[in-house]
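Here's the letter readout for the chains.
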Number of protein chains: 2
Amino acid sequence: MTTINDIAKMANVSRTTVSRVFNNGYVSEDVRKRIMKIVEETGYTPSLSAKSLRTKKSGVIGVILPKISTETASRVVSGINEVVAKENFQILLTDTELQKEKEIEYIRLLKSRHVDGIILLATNINADLIKAITAADLPFISIGQDLPGVTSILYDDYHAASDVTNLLITHQHTKIAFIGVGEEDPSVGRQRKMGYLDTLAKFNLPIKEEWIEEGDFSIESGYECTKKIIKNSGTDLPSAIFAVTDRMAIGAMEYLREQGFSIPKDMAVAGIGASTMSKYLTPSLTTVDYFNKEAGEKAARHLLAQMIQKKDKEKFTQTYRLIKRDSV
Amino acid sequence: MTTINDIAKMANVSRTTVSRVFNNGYVSEDVRKRIMKIVEETGYTPSLSAKSLRTKKSGVIGVILPKISTETASRVVSGINEVVAKENFQILLTDTELQKEKEIEYIRLLKSRHVDGIILLATNINADLIKAITAADLPFISIGQDLPGVTSILYDDYHAASDVTNLLITHQHTKIAFIGVGEEDPSVGRQRKMGYLDTLAKFNLPIKEEWIEEGDFSIESGYECTKKIIKNSGTDLPSAIFAVTDRMAIGAMEYLREQGFSIPKDMAVAGIGASTMSKYLTPSLTTVDYFNKEAGEKAARHLLAQMIQKKDKEKFTQTYRLIKRDSV
DNA sequence: AACATGTGTGGAATCGATTACATGTCCTTT
DNA sequence: AAAGGACATGTAATCGATTCCACACATGTT
């Protein structure tokens, strides 16, 4: 491996001069050319570990995901990457596989790797997490969860869920079932459920325990929850099912189809997430587009801004778009 | 930021000893405890830039993707991550956005970041690329393309495509249209097309130019290609369409549905990729599962093995599974 | 008793860059 | 003609770790 010293020796200059070639200081045209020629020939690239050690900047930003292989996550990462790549940053990816201790572990790890900033897609909020973030003392952005004291890019879960519920109501549905997720997830678990419950309450519609189930984001869980809802409802069946994610909604549709329900005639279905799939299902799925990629871009831009100068912690709420399709 | 020197001073030992605590050398129980206590209190974590500079190892492996937000890519990354995370490696992600010069650029970049190895999902093969890989002189794995002189995890594109074509033929189809991609992609572009063409030839079935179109992986291109095929075929319509990716197959189905074709009665459709979606479409899509995640895992394992000891360059061909569903 | 061996610790070089400071030219300006 | 500034280059300290070598001490071996 060639180093700056090798180049310096070959070009008969000090390594300072070589360094200056790469960091635009005063270097005469002659010398610059001579050095560049040697650089080309040897294929020398400066060691970024050394540079990072010296400058305390790595040109890397850390991203912590709950799970890589979901459409939401990959869209967000794609948005982040698009923005940071332009500024010659790379992404160091970590995946918690939904274990929340790992979020904290990875924050520490990324810190010791001298990343210049961190973007976290959190799935929960707890005191240790906040403490770890504060301790890291790095530019930090949270996407999807409102972490106190941390700049956050938020989805409007409450209103999105309200709107979906509302849409179902305007389509004459009065018996609306709900498939949610655990409430340790404040955004997807709590906010979306609140939106659902409050809207029902507002219209004086029945809230029945038998119509409310809790899944785990997976298609299968949507399927199982729907089965339970149908089973437990006896003769008082709901006429619509609102699942808080598209995947669970797809599971619901699957079960309903198997049981011979016609969608939306016998049972309407709606989700959230605007998965690619939602558009091509039969019937196409009513859902909410959260603009994940844009959220990633925005997060990246704010992170870069924070790296240049300290900013006050802010909260940004993304817009969303209700997509009415044939499943309702 | 606390450093090893701070810890050493606070514990009244030399920094050598502190280092030894983390790298299991001789340290007495007493001293070890004293140091660990201070480490806990200060939240000290060793600077990995410094460590990497000194040891020439970074604990990072570089991954070069053509596009992050595709199901294939995210599955592969997920597989890679699962394996390397266990060994405490992280992934440095780069996305070429389908520009092939960037593959080379990123190889250099990853090299200068001292990654311990690189996994590339290539979309093409060219001499410069091979040269860059050789020059990098790092443990290297290619997934999906057979790069000469590079350990490669390959999909069996030729036989997969043959099998799909065969399946269509056993279902009495004699007029089979084809939606491919550009041939600068040897695997998806060439091999799959060869599988299709050779199988038709084997059965003495007609190969008509009007039935062959070239898309660009997108759903929209599948839609457009199908439109062209239908338009250009006049009265001699094919009875089946084989698209080399699920997304293009979905576009095909979309167009056919719009035009009132019944699938598979009027026109059968098949894809490759086993996208999540394929299972939930109506009708469900016949496709080929490439086990992308397993490919990622395998790539990661081979990379780790190469990092421990130099290995001969090998070629591994993944198995695949033809999934016969209702669209055929 | 002399010597080898195992254990525990510190000193100092080293990895490959950046950068503050010093030095030396050569012009321009007053 | 002296001074000041712009330009060009070099010297050496520094970033935070690892690691070779040396040394000290305790214990075991012959």
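Described below are features of the structure shown in this document.

Reading the values: the criteria
Residues numbered from 1 in each chain as written. Chains lettered and ligands numbered in written order. Predicted model: local features only at pLDDT ≥ 70, side-chain atom pairs only at ≥ 80, totals over all residues. Heavy atoms only, no water. Buried < 20%, exposed > 50% of the residue type's maximum accessible area, 1.4 Å probe, protein only. Helix = DSSP H or I, 4+ residues; strand = E, 2+ residues; numbered from the N terminus. Pairing = 2+ DSSP bridges. Near = heavy atom within 4 Å. Polar contact = N/O pair within 3.5 Å; in protein donor to acceptor, adjacent residues only side chain to side chain. Contact = heavy atoms within 4.5 Å. Buried area = accessible area lost by both parts, 1.4 Å probe. Nonpolar A, V, L, I, M, F, W, Y, C, P; charged D, E, K, R; others polar. Lys, Arg positive; Asp, Glu negative; His and termini not counted. Salt bridge = Lys/Arg side-chain N within 4 Å of Asp/Glu carboxyl O.

**Details of the pairing of strand 2 (residues 90-95) of chain B**
The side chains of a regular strand alternate between the sheet's two faces.
No. 1: Where burial is concerned, most of strand 2 of chain B is hidden: six out of the six residues are buried.
No. 2: Judged by which residues are buried, strand 2 of chain B turns out to be covered on both faces: Gln90, Leu92 and Thr94 of chain B on one side and Ile91, Leu93 and Asp95 of chain B on the other are all buried.
No. 3: Bridging between strand 2 (residues 90-95) of chain A and strand 2 of chain B involves three bridges; their strand directions are antiparallel. Bridge pairing in strand 2 of chain B places Ile91 of chain A opposite Leu93 of chain B.
No. 4: Pairing analysis gives six bridges linking strand 1 (residues 60-65) of chain B to strand 2 of chain B, with the strands arranged parallel. Within strand 2 of chain B, the residue paired with Leu65 of chain B across the bridge is Asp95 of chain B.

**Considering the protein's contact with DNA strand C**
No. 1: Taken together, 29 residues lie near DNA strand C, and Ile4, Ser19, Ser47 and Arg54 of chain A together with Thr17 of chain B sit nearest.
No. 2: Take Thr17 of chain B: an N or O atom from its side chain is 2.6 Å from a phosphate oxygen of DNA strand C.
No. 3: Interatomic distance of 2.7 Å between a side-chain N/O atom of Lys56 of chain B and a sugar or linking oxygen of DNA strand C.
No. 4: For the surface near DNA strand C, the secondary-structure elements that each account for two or more residues are helix 2 (15-22) and helix 4 (48-55) of chain A together with helix 2 (15-22) and helix 4 (48-55) of chain B.

**Description of the interface of chain A and chain B**
No. 1: Contacts between the two partners involve 45 residues from chain A, matched on the other side by 46 residues from chain B.
No. 2: Of the roughly 3900 Å² buried at the junction of chain A and chain B (both faces included), carbon and sulfur atoms supply 61%.
No. 3: The largest per-residue losses of area from chain A upon contact with chain B belong to Gln90, Arg113 and Tyr280 of chain A, which jointly make up 18% of the total buried on that side.
No. 4: Here chain A and chain B share 15 residue pairs in polar contact (both at pLDDT 80 or more) between them.
No. 5: Residue assignment for the side of chain A that touches chain B shows that the elements contributing at least two residues are helix 4, helix 5 (71-86), strand 2, helix 6 (100-112), helix 10 (219-233), helix 11 (246-258) and helix 12 (276-280) of chain A.
No. 6: Here the residues of the side of chain A that touches chain B are counted per class, giving 19 nonpolar, 17 polar and nine charged.

**Focus on the side chain of Glu103 of chain A**
Residues and elements named next belong to chain A.
No. 1: Within the secondary structure, Glu103 sits in helix 6.
No. 2: There is no salt bridge for the buried Glu103, and the closest opposite charge comes from Lys100, which lies 8.2 Å off by N-O distance.
No. 3: Those residues within four positions of Glu103 in sequence are excluded, and the remaining contacts are Ile64, Thr96, Leu120, Leu121, Ala122, Thr123, Asn124 and Leu129.

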